[in-house]
Amino acid sequence: MKLTWSDVTPRSVYLNRRAVLAGLGAVAAAPALAATGLAGETLNSLEEITNYNNFYEFGTGKEDPARHAGGLTTEPWTVKIDGLVDRPGSYAVSDLAPDNVVEERIYRLRCVEAWSMVIPWLGVPLEDVLSRAGVQPGAKFVAFQTLLRPEEMPGQRVPMLDWPYREGLRLDEAMHPLTLLATGLYGKPLPNQNGAPIRLVVPWKYGFKSIKSVVRITLTDRQPVATWQAMQPSEYGFYANVNPTVDHPRWSQATERRIGAGLFAGREETLMFNGYADQVAGMYAGMDLARDY
Ligand code: MTE
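Just so we're clear, the structure is a prediction, and the values are computed from it rather than from any experiment. Each chain carries its own residue numbering, running from 1 in the direction its sequence is written. Only residues with pLDDT of 70 or above have their local features reported here, since the model is predicted, and side-chain atom pairs are shown and tallied only from 80 upward, although totals for entire chains, interfaces and linings are computed over all residues. Where side-chain values are given, they derive from all heavy atoms of the structure, hydrogens and water being excluded.

**Student:** Just checking my understanding: could you explain the overall build of the protein chain for this structure?
**Tutor:** Numbered from the N terminus, helices here are DSSP runs of H or I no shorter than four residues, and strands are runs of E no shorter than two. A count of helices and strands for the protein chain gives nine helices and twelve strands. Note on classification: 1.4 Å probe, protein chains only; a residue is buried when its accessible area is under 20% of the maximum for its type, exposed when over 50%, partly exposed between these limits. Going through the 293 residues of the protein chain one by one, you find that 53% of them count as buried. Only heavy atoms enter the contact rule, under which two residues are in contact if any of them lie within 4.5 Å. Excluding contacts between residues fewer than 6 apart, the proportion of contacts in the protein chain whose partners are at least 24 apart in sequence is 71%. Areas reported as accessible are Shrake-Rupley estimates using a 1.4 Å probe. Residue values count occlusion only from the protein chains shown. For the protein chain, the exposed area adds up to about 13000 Å²; of that, 54% sits on carbon and sulfur atoms.

Set out below in structure tokens:
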């Protein structure tokens, strides 16, 4: 039997959740769990998911985002969809991911720094959003950008990265059914430190591809340059697929530390494509993944 996080949440807590959960139910999560082989995994707690973060716009420490992201204004918020689309425009988050269509997806998140979590996201497939915008035949890649707002994002006042944070996917990766635009976790709107109000989640890639607080999505015919790739191309590639056989130049990617597992828990083996190989390996057939890391 497949459980959603709400099946193991005390009813009193469950009943306090926002109405967004009303549209979910076990059916929404069961296929995701079955498809991703996640049965048997333990979810990370809300406490862990919201207090151990990477969000350099708010500082480089793991607790900086929890401390400083509260001041980010996330409403109103629009996402500009432009480039090679039939219906370019600025869309409200509630347009892109209406409460009655968001689904729960329980995914592993594997950071390039070799730690991991299991997170119950809420969101909509990016594919649905792009299809509604109307992808034109010439589009081959999708570029993403985070909000640029140094007044509210203290990390952006320091030129440690080339702000705003940027990421990109090949079009087939963007249209893959596992690729999510997340607007919530644990049945509630996304906490600011996790990328409110809307962020990307690409579960088979290192976490840095899952760009937070997205304000722009551009369909293009050229491979976009991503922030970490531009910063240190020998360490962070465009693809960034989780791959235990291709080490980071400064550390092994063969194993990972599950956040919250405890001091005496051993490291876990990292799985090819973070455990999603059955669904995604076909997209990389014939590619040399040591070269296209
Ligand atoms: N997006 C932006 N805009 N800025 C960031 O610093 N960090 C990335 C990614 N998205 C980052 C970002 C990294 S390295 C990881 S591991 C994940 O967000 C962490 O997501 P989480 O804090 O929700 O677990």
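Text resumes after the structure shown.
**Student:** Before we go on, may I ask you to explain the confidence of the model for the protein chain in this structure?
**Tutor:** Low-confidence regions, as indicated by low pLDDT, have predicted coordinates that should not be scrutinised in detail. With 87% of its residues at a pLDDT of 70 or more, the protein chain shows a mean pLDDT of 90. Residue-level confidence of the predictor is summarised by pLDDT, bounded by 0 at the bottom and 100 at the top. A low-confidence stretch, residues 10-35 stays under pLDDT 50, and its non-local contacts, those more than four residues away or across chains, total 36 contacts.

**Student:** Help me understand the side chain of Thr 179, please; the structure alone is not making it clear to me.
**Tutor:** One can find Thr 179 in the loop between α7 (171-174) and β7 (180-185). Judged by its relative accessible area of 0%, Thr 179 is buried. Sequence-distant contacts of Thr 179, that is, excluding residues within four places in its chain, are made with Val 124, Pro 125, Leu 126, Leu 169, Glu 173, Ala 174, Leu 200, Val 201, Val 202 and Trp 204.

**Student:** Looking at this structure, I do not really get the sheet that holds strand β5 (residues 141-146). What am I missing?
**Tutor:** Whenever strands of a sheet pair, they do so through backbone hydrogen bonds, lying parallel or antiparallel. Note: two strands are recorded as paired if DSSP finds a minimum of 2 bridges between them. One open sheet accounts for five strands, arranged β2-β1-β10-β5-β6; its pairing is mixed. What marks the edges here is a single partner per strand, and that holds for β2 (89-92) and β6 (166-170). The average undirected angle you get between the axes of adjacent strands in this sheet is 20 degrees. The pairing of β5 with β6 spans five bridges and is antiparallel. Looking at the pairing, Val 142 lines up with Leu 169 of β6. Throughout, an axis means a line fitted to C-alpha atoms (over the contacting stretch in the case of helices), and angles, computed between N-to-C directions, take values from 0 to 180 degrees. Packing against the sheet, helix α6 (residues 126-133) makes contact with β1 (78-83), β5 and β10 (214-220), and its axis sits at approximately 65 degrees to β10.

**Student:** Where do I start with the packing of aromatic side chains in this structure?
**Tutor:** Describing an aromatic ring pair means giving the distance of the ring centres and the angle of the ring planes. Here a pair means two rings of Phe, Tyr or Trp (six-membered ring of Trp) with centres within 6.5 Å. Their orientation is stacked below 30 degrees between planes, edge-to-face above 60, and tilted elsewhere. If you walk through the whole model with that rule in mind, you get ten aromatic pairs. Measuring from centroid to centroid gives 5.0 Å for Tyr 52 and Trp 115, while their planes differ by 90 degrees, and the two rings are edge-to-face. Of this pair, Tyr 52 sits in the loop between α3 (46-51) and α4 (64-68) while Trp 115 is found in strand β4 (residues 115-125), placing the two residues 63 residues apart along the sequence. Between Phe 208 and Tyr 236, the ring centres sit 5.5 Å apart and the planes meet at 80 degrees, which makes this aromatic pair edge-to-face. In this pair, Phe 208 sits in the loop between β9 (199-201) and β10 while Tyr 236 sits in the loop between α8 (227-231) and β11 (255-258), placing the two residues 28 residues apart along the sequence. The exposure classification of Phe 208 matches that of Tyr 236, with both residues buried. Grouping aromatic residues by their ring pairs yields a cluster made of Phe 141, Phe 238, Tyr 239, Phe 273 and Tyr 284. Only when the NZ atom of a Lys or the CZ atom of an Arg is both within 6 Å of the ring centre and within 35 degrees of the ring normal do we say a charge sits over the ring. Between the NZ or CZ atom of Arg 108 and the centre of the ring of Tyr 276, over which it lies, the distance is 5.3 Å. The cationic tip of Lys 209 hangs over the ring face of Phe 238; the distance from NZ or CZ to the ring centre is 4.3 Å.

**Student:** Whenever I open this one, the site of the ligand confuses me. Can you help?
**Tutor:** We call a residue near a molecule or strand when any one of its heavy atoms sits within 4 Å of it. Surveying the vicinity of the ligand reveals 17 residues, the closest of which are Asn 53, Tyr 56, Glu 57, Ser 210 and Lys 212. In this structure, an oxygen atom belonging to the ligand sits 2.7 Å away from a side-chain N or O atom of Lys 212. Protein coverage of the free-state accessible area of the ligand, which is 540 Å², stands at 98%. When its residues are assigned to classes, the shell around the ligand shows eight nonpolar, six polar and three charged. The term polar contact refers here to a pair of N or O atoms within 3.5 Å; inside protein, the definition further demands a hydrogen-donor-capable atom paired with an acceptor-capable atom, and it admits residues adjacent in sequence only when both atoms are side-chain atoms. Basically, the charged four are Asp, Glu, Lys and Arg, the nonpolar ten are Ala, Val, Leu, Ile, Met, Phe, Trp, Tyr, Cys and Pro, and anything else, Gly included, counts as polar.

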